[in-house]
Amino acid sequence: MSTAPTRMLEPHTPLYLDTPPHVITEGSGIEVRDAEGRWYVDGVAGLWSVTLGYSEPRLVRAATEQMNRLPFYGSFNHRTNDVALALAADVAEISPIPMGRVFFGNSGSDANDSAIKFARYYHWAQGRPERRKIISHHCGYHGTTLAAGSATGLSHIHHGFGLAGDDFLSAHCPDPLHPASRGMSEEEQVDWLVRDFENLVLETGPETVAAFISEPILGAGGLIIPPAGYFARIQEVLDRHGILFIADEVITGYGRTGQMFATTALGLRPDIITSAKGLSSSYLPISATLVGERVSEVLAEGSRQIGTFGHGFTYSGHPVAAAVARETLAIVRERDIPGHVCEVAPHLARGLEKFRGAELVRDVRHYGLLGGVQFDPEQAGAEPGRLGQEVLEAAKQRGLLLRAMGDTVVFAPPLIITPGQVDEVLERFTAAYDDVL
Ligand code: PLP
């Protein structure tokens, strides 16, 4: 393999590294092969996203057929393509909220930027242009574009880019291990979080807040599962102050939690849902922003006031991406992928639970086919993040690709994983843990 430095400006990578990146060249089922010919079980489905694995022939066929029939036609000025319209109907059919319309983009970030813009437009159309502010969580991840990056609560995403600013506010991370809530019962913690959230709204002025955005389960912030009852109580605050709720289901959408959407699994009542990743099993870039009926109607009213709705991308509803997404949804429904997740998830949970109480393990978390083992750097006298990286590297040596969010090593395998393959993931992870600790 070439050792020349890469000419690619690598996303989410320290740019000063002078070692070559790990290059993946091939995939099959739940495994990928690197440029040196080694195969790995992919414990994180690429970027939490290749839900149907790496060799689904129906998706390849859908893309090829659409490429041959109509490789591109956009969706501006009331002219669109048939596949985008059909996909919008498919998504509306499985929507967990009373649906208005679906907006298509290309990534999770642009879905969240779109949702934030729609929330502002919703208030503007009703004579409240001052409602611009967005509340998110300290540990939330919503992408890296200007608005989504500003709503992301991880400081390294802001540094140097001039993101966040007055229009973006951060609420406490709803982390059951939050140091400020040490010793509290789950109920007391919810009380504390909700009180703090409402104080934030009151201090900034509810009349200036457009929306609250949150992942149902916070992924990149370290697989944080908010305490039971948290969202229902936050919803009361949102209702009291006329604030919209955007559920970022970019990771959780299309089956990962054992339901088609985490909105259903957790009983949420969002006004807008953003999704991407699993919508096409990541075979092609596409995002969908599901706009609930109430918001959708107001957007149309607003547009009536000024004419064109001034938002959209060249590739909104790209026919080839839309064809792949349609086929993905067809497979997810035909094979009952959410049902399969419900069957396999307890297997992953049981395996991960064996680490609870193990040396240097601070916590173990799981929901559907999402899992996390959080290490305790304090106990090890290690700097934050190092243990996570070491376990990750050891897992790679053992033929297992995982990701680490700080000291939490996360699992988000393709949703087609079998119980036997879950065992293999757990065996390799256990070996990696033993190597390091
Ligand atoms: N929202 C969540 C919850 C994510 O996990 C991600 C990416 O991992 C995004 C948004 C951003 O998606 P993208 O990288 O496609 O812009």
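Residues numbered from 1 in each chain as written. Predicted model: local features only at pLDDT ≥ 70, side-chain atom pairs only at ≥ 80, totals over all residues. Heavy atoms only, no water.

S.K.: So what about the side chain of H241? Which residues, and what values?
M.R.: Looking at where H241 falls in the secondary structure, it is placed in helix 8 (residues 230-241). Among the residues examined, H241 registers a relative accessible area of 14% and is labelled buried. For H241, the residues in contact, after removing those within four places along its chain, are R131, E198, V201, L202 and P206. (Helix = DSSP H or I, 4+ residues; strand = E, 2+ residues; numbered from the N terminus. Buried < 20%, exposed > 50% of the residue type's maximum accessible area, 1.4 Å probe, protein only. Contact = heavy atoms within 4.5 Å.)

S.K.: An account of the site of the ligand is needed here, citing residue identities and associated values.
M.R.: The immediate surroundings of the ligand are formed by S107, G108, S109, N112, Y141, H142, G143, E215, D248, V250, I251 and K277. The contact in question runs from a nitrogen atom of the ligand to an N or O atom on the backbone of Y141, over 3.4 Å. Surface burial for the ligand is 82%, taken as the share of its 390 Å² of free accessible area covered by protein chains. Looking at the shell around the ligand, the element that brings in the most residues is helix 4 (residues 108-125), giving three residues. Looking at the shell around the ligand, its residues break down into three nonpolar, six polar and three charged. (Near = heavy atom within 4 Å. Polar contact = N/O pair within 3.5 Å; in protein donor to acceptor, adjacent residues only side chain to side chain. Areas by Shrake-Rupley, 256 points an atom, 1.4 Å probe, with all protein chains shown as cover. Nonpolar A, V, L, I, M, F, W, Y, C, P; charged D, E, K, R; others polar.)

S.K.: Lay out the sheet that holds strand 8 (residues 244-248) with the relevant residues and their values.
M.R.: Taking strand neighbours across the sheet as the criterion, the seven strands line up as 4-10-9-8-7-5-6 in an open arrangement whose pairing is mixed. Pairing within the sheet leaves two strands with one partner each, and these edge strands are strand 4 (99-105) and strand 6 (168-171). Across the sheet, the axes of successive neighbouring strands diverge by a mean angle of 20 degrees, strand direction being ignored. Sheet topology note: the strand 5 (residues 133-137)/strand 7 (residues 209-214) ladder contains three bridges and is parallel. Of the residues in strand 7, the one forming a bridge with I134 is A211. Helix 3 (residues 82-94) contacts strand 4 and strand 10 (287-292) of the sheet and is inclined by roughly 130 degrees relative to strand 4. (Pairing = 2+ DSSP bridges. Axes fitted to C-alpha atoms, helices over the stretch in contact; angles between N-to-C directions.)

S.K.: Any chance you could break down the pairing of strand 5 for me, citing the residues and the numbers?
M.R.: For strand 5, the tally of buried residues reaches five of five residues, placing the bulk of the element in the interior. Pairing of strand 5 with strand 6 involves four bridges; the strand directions are parallel. Bridge pairing in strand 6 places I134 opposite F168.

S.K.: If you had to explain the environment of P174 to someone new, which residues and values would you point to?
M.R.: Locating P174 in the fold gives a position in the loop between strand 6 and helix 7 (186-204). Judged by relative accessible area, P174 falls into the buried class, the value being 0%. Excluding anything up to four places from it in sequence, P174 contacts H137, C139, L193, L218, I224, I225, P226, P227 and Y230.

S.K.: An account of the sheet that holds strand 1 (residues 24-28) is requested, with residue identities and associated values reported.
M.R.: Pairing within the open sheet is mixed, and its four strands lie in the order 1-2-3-13. Two strands in the sheet have a free side with no partner beyond their single neighbour: strand 1 and strand 13 (400-401). Where strand 3 (residues 39-42) lies against strand 13, two bridges are found, and the strand directions are parallel. Within the sheet, the bridge partner assigned to D42 lies in strand 13 and is L401.

S.K.: Give a detailed account of the packing of aromatic side chains, specifying residues and quantitative values.
M.R.: Considering all chains together, one arrives at 15 aromatic pairs under this definition. With centroids separated by 5.0 Å and ring planes inclined at 75 degrees, the aromatic side chains of F197 and F212 adopt a geometry described as edge-to-face. Of this pair, F197 sits in helix 7 while F212 sits in strand 7, placing them 15 residues apart in sequence. For F197, a relative accessible area of 1% puts it in the buried group. Ring plane angle 75 degrees and centroid distance 5.3 Å describe the contact between F355 and Y433, whose orientation is recorded as edge-to-face. Placement of the pair is F355 in the loop between helix 12 (337-353) and strand 11 (361-367) and Y433 in helix 15 (residues 419-436), with a sequence separation of 78 residues. As far as the burial class goes, F355 and Y433 line up, both buried. By way of ring pairs, the aromatic residues F103, F118, Y121, W124, F309 and F313 are connected into one cluster. (Phe/Tyr/Trp six-rings, centres within 6.5 Å; stacked < 30°, edge-to-face > 60°.)

S.K.: Which residues make up the packing of helix 12 against helix 15, and what values go with them?
M.R.: The geometry of a pair of packed helices is captured by two quantities: the angle between their axes and the separation between those axes. At a closest axis distance of 9 Å, the pairing of helix 12 and helix 15 adopts a crossing angle of 20 degrees. Judged by the angle between their axes, helix 12 and helix 15 are roughly parallel. Like other packed secondary-structure pairs, helix 12 and helix 15 cross with a definite hand, here right-handed. Facing V344, H347, L348, G351 and L352 of helix 12, the residues of helix 15 in contact are P419, V422, D423 and L426. Here the contact of helix 12 with helix 15 is composed, by residue class, of six nonpolar, two polar and one charged. (Parallel < 35°, antiparallel > 145°, perpendicular 65-115°, else oblique. Left-handed = near helix turned anticlockwise from the far one by under 90°.)

S.K.: Got a sec to walk through helix 7? Specific residues and values, please.
M.R.: The first and last C-alpha atoms of helix 7 sit 27 Å apart over 19 residues, in line with the 27 Å expected at 1.5 Å per residue. Considered for burial, the residues of helix 7 that qualify are Q189, V190, W192, L193, V194, F197, E198, L200, V201 and T204. G205 sits one or two residues past helix 7 and shows a positive phi near 100 degrees. (Expected span 1.5 Å × (residues − 1).)

S.K.: Got a sec to walk through unusual backbone geometry? Specific residues and values, please.
M.R.: Positive phi values are uncommon outside glycine, yet L223 reaches one of about 50 degrees. Note that L223 resides in the loop between strand 7 and helix 8. The phi angle at S282 is positive, at roughly 65 degrees, despite the residue not being glycine.

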